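The chain contents come next:
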Amino acid sequence: FYKKLGFWISAIISSVIFALAHMEFEHIILYSAIGITFSFLYVKTKRVIVPMITHCSMNSLVVIVQYMYGNELDSQLQGLALPFGKMLQLLLQTY
């Protein structure tokens, strides 16, 4: 895709596929944004292992945070400024 369509179109197509693969349609925008980030990492490094490690690291961090803080974190996120708190809440709920 990248050579024919350029970065943005290719990244959007790839990120939407990435988002749909997670089968959580209420979080499609969040997953698409993450997918675009992974596309950027791949294009900049030319190595598929970089976005794979990033994806694994993100998932691991979310699991660790959920395990350590559980319900306490959910109540604290509700008190943050609305856009930032909601974004963090969605991110932590998706994994």
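What counts and what doesn't
- Residues numbered from 1 in each chain as written.
- Predicted model: local features only at pLDDT ≥ 70, side-chain atom pairs only at ≥ 80, totals over all residues.
- Heavy atoms only, no water.
- Helix = DSSP H or I, 4+ residues; strand = E, 2+ residues; numbered from the N terminus.
- Expected span 1.5 Å × (residues − 1).
- Buried < 20%, exposed > 50% of the residue type's maximum accessible area, 1.4 Å probe, protein only.
- Arc of directions from axis to C-beta.
- Patch = residues over 30% accessible without salt bridge, like charges linked within 9 Å, V, L, I, M, F, W, Y side chains within 5 Å.
- Areas by Shrake-Rupley, 256 points an atom, 1.4 Å probe, with all protein chains shown as cover.
- Salt bridge = Lys/Arg side-chain N within 4 Å of Asp/Glu carboxyl O.
- Core = buried A, V, L, I, M, F, W, Y, C linked by side-chain atoms within 4.5 Å.
- Phe/Tyr/Trp six-rings, centres within 6.5 Å; stacked < 30°, edge-to-face > 60°.
- Axes fitted to C-alpha atoms, helices over the stretch in contact; angles between N-to-C directions.
- Parallel < 35°, antiparallel > 145°, perpendicular 65-115°, else oblique.
- Left-handed = near helix turned anticlockwise from the far one by under 90°.
- Contact = heavy atoms within 4.5 Å.
- Nonpolar A, V, L, I, M, F, W, Y, C, P; charged D, E, K, R; others polar.

Q: Let's hear about helix α2 (residues 7-21): which residues, and what values?
A: Look at α2: 21 Å from first C-alpha to last across 15 residues, which is about the 21 Å you get at 1.5 Å a residue. When we look at burial in α2, the residues that qualify are F7, S10, A11, S15, F18 and A19. Buried residues along α2 cover an arc of 160° about the axis, so they all sit on one side. Following α2 by one or two positions, M23 has its phi on the positive side, about 55°.

Q: Hey, could you go over a nonpolar patch on the surface for me, with residue numbers and the actual values?
A: Among the surface-exposed residues, W8, I12, V16, L20, M23 and F25 lie close enough to one another that they form a single nonpolar patch of about 620 Å² accessible area. Secondary-structure assignment places M23 in the loop between α2 and α3 (28-45). Owing to a relative accessible area of 60%, M23 belongs among the exposed residues under this scheme.

Q: Describe in detail α3, supporting the description with residues and values.
A: With 18 residues, α3 extends 26 Å from end C-alpha to end C-alpha; this agrees with the ideal 26 Å at 1.5 Å per step. All of the buried residues along α3 are L30, Y31, S32, I34, G35, F38, S39 and V43. Where α3 ends, the next residue or the one after it, K46, has phi of about 60°, a positive value.

Q: How would you sum up the nonpolar core? Please name residues and give values.
A: F18, A19, L30, Y31, I34 and F38 together form the largest nonpolar core, which totals 6 residues. Per-element accounting of this core gives the leading share, 4 residues, to α3.

Q: Please provide a residue-by-residue account of the packing of aromatic side chains, values included.
A: Using the criterion set out here, one finds 4 aromatic pairs in the structure. Between F7 and F40 the ring centres are 6.4 Å apart and the planes differ by 80°, which places this aromatic pair in the edge-to-face class. Linking F7 in helix α2 with F40 in helix α3, this pair joins segments that are 33 residues apart in sequence. What makes F40 partly exposed here is its relative accessible area of 42%. Centre to centre, the rings of F18 and Y31 are 6.4 Å apart; their planes meet at 75°, and the pair counts as edge-to-face.

Q: So, the packing of α2 against α3: which residues are in play, and what are the values?
A: Where α2 contacts α3, the axes come no closer than 7 Å and their chain directions differ by 130°. Between α2 and α3, the angle falls in the class oblique. Of the two possible hands of crossing, α2 and α3 adopt the one that is right-handed. Across from F7, W8, A11, I12, S14, S15, V16, F18, A19 and L20 in α2, the residues of α3 making contact are I28, Y31, S32, I34, G35, I36, F38, S39, F40 and V43. For the contact of α2 with α3, the residue count by class is 15 nonpolar, 5 polar and no charged.

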